[in-house]
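Commentary on secondary and tertiary structure
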Amino acid sequence: MSVVQNSHKPQTVISNSATPVTVFTGFLGAGKTSIILNLLKRADPDYKIVLLKNEFGDAKTDSALVRESHVQIAEMTNGCLCCVLVGQMKRALEELKEKYQPDRIIIETSGSAFPAPIAWQIREMEPLGFHLDAILTVIDCINFCGYEDTSYTARMQAQYTDIILLNKWESVSERQLDLVIDHVNELNTDTPKLKAERDTGVDPNVVFGIDTSLFHLSERDHGAAAYGNNAGEPNRHIEHHDQEVDVIEICRGQSDTASFATIDTAAFLLFLKRLPADEVYRVKGIIRLSEAVTDDHTSDSVAIDTATRDREPLESGILYILNHAFGRFTFAQLTLDLESYNDMIARVTVIGNGLRMHLPAIQEGFGASENELTVHWACRH
């Protein structure tokens, strides 16, 4: 029987002028954004936290969701933080510090990010007033045993971290949870493993103030191989996106500004429910649906909101933030900056493996033409 280890808040001494940085990693769909949002709700309201996100593709879905929660955010799209130029990372952090003067910065990496290059970039910025406080890895208890064997990135994320946060554990049986913990322990026995509660997440007092001992600059040259940059594959962290996942981006706009086109809600819900969870990992973006969905809008119970059918239909449709992960999905109605989406029908990123065979269905599901699709196929060797 596996056990979940308890963690405590270590003592740390940090310069008063240094801004602590907490980095969240975790594979695609692990639930990093949800845990961060719950964490922010539990933090002291006088403790100013700024979130830096980077996303795969340019749908900026999670950013829109976070803005709905009125959290300050900066974002890097079209690339993983561990792969961007050091200068870009540096500029983003410096701008956040200058503009918001935060008490803490949280970095949420893309699902395919290696932790080491990100951590070393932050370490290099210590003279500029930044302090790497912790690397936290979110584990999806529903799906981890499925992709852990095939994803090099998922294994690296689980191996090199200060705390492992077990997410979605309420949705699996005790036996399944034990198997997940056993798999994680094979990669990383000593790191504390905490359950993240569905509605409340984790206590800030537990995950803030870690003062990590991981990824010191003195280890970079001699320890690169141990941190996932194999001696025989010096550029593996640059190429890992192309090796592991297919990406389809849909950008469908209005062809006639005089009348709004929408995506039929009933047909779209059926399309989502038919997507194979073992091949389509994520579908996230902003879509304009013809009808409202129910407030209880998880994939298990989502349906057209029949209470609104007697009302006059909205000619412009309804904008939703779609977040689909491994067969489960939610909708959140978009309420902020609606004018900036006037010409949008769908702006979505689809991530998975073997998506070539699903391309016609995906194109039909979003009603997109070929010139409204951009594809990036994985290069598997």
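Thresholds, definitions, all that
Residues numbered from 1 in each chain as written. Predicted model: local features only at pLDDT ≥ 70, side-chain atom pairs only at ≥ 80, totals over all residues. Heavy atoms only, no water. pLDDT = per-residue confidence, 0-100. Helix = DSSP H or I, 4+ residues; strand = E, 2+ residues; numbered from the N terminus. Contact = heavy atoms within 4.5 Å. Phe/Tyr/Trp six-rings, centres within 6.5 Å; stacked < 30°, edge-to-face > 60°. Buried < 20%, exposed > 50% of the residue type's maximum accessible area, 1.4 Å probe, protein only. Pairing = 2+ DSSP bridges. Axes fitted to C-alpha atoms, helices over the stretch in contact; angles between N-to-C directions. Arc of directions from axis to C-beta.

Per-residue pLDDT for the protein chain averages 79, and the proportion of residues at 70 or more is 75%. Per-residue pLDDT, averaged within each element of the protein chain, yields its smallest value for helix α10 (residues 236–244) (51) and its largest for helix α12 (residues 359–366) (96). Confidence over residues 1–14 falls short of pLDDT 50; this stretch has 31 contacts with residues more than four positions distant or in other chains. Within the model, the stretch residues 309–313 combines pLDDT values under 50 with two contacts to residues more than four positions away or in other chains.

Our focus in this paragraph is the packing of aromatic side chains. Following the criterion strictly, the structure yields seven aromatic pairs and no others. For the ring pair Phe268 and Phe271, a centre distance of 5.7 Å and an interplane angle of 40° mean the geometry is tilted. Of this pair, Phe268 and Phe271 both sit in helix α11 (residues 265–274), three residues apart, which is roughly one turn of that helix. Between the aromatic rings of Phe271 and Phe366, the centroid separation amounts to 5.6 Å while the plane-to-plane angle is 80°, which identifies the pairing as edge-to-face. Of the two residues, Phe271 is situated in helix α11 and Phe366 in helix α12; the sequence distance between them amounts to 95 residues. Across the pair, exposure class does not vary: Phe271 and Phe366 are buried alike.

Moving on to the sheet that holds strand β11 (residues 328–333). Strand order in the open sheet formed by six strands is β11-β10-β9-β12-β8-β13, and the pairing between neighbours is antiparallel. Strand pairing shows two members of the sheet lacking a second neighbour, β11 and β13 (373–376), which therefore form its edges. Neighbour to neighbour, the strand axes of the sheet diverge by 10° on average, direction disregarded. With seven bridges connecting them, strand β9 (residues 280–289) and strand β12 (residues 344–352) associate as antiparallel partners. Counterpart to Gly285 in the pairing with β12 is Val348. α12 contacts β8 (246–253), β9, β12 and β13 of the sheet and is inclined by roughly 25° relative to β8.

Among all positions of α12, only Leu359, Ile362, Gly365 and Phe366 are buried. Burial along α12 is one-sided: seen end-on, the buried residues are contained in an arc of 125°. Opposite the buried face of α12, by more than 90 degrees, sit the exposed residues Pro360 and Glu364. Of the surrounding elements, those touching the buried residues of α12 are β8, α11, β9, β12 and β13. Positive phi appears at Gly367, one or two residues downstream of α12, with a value of about 60°.

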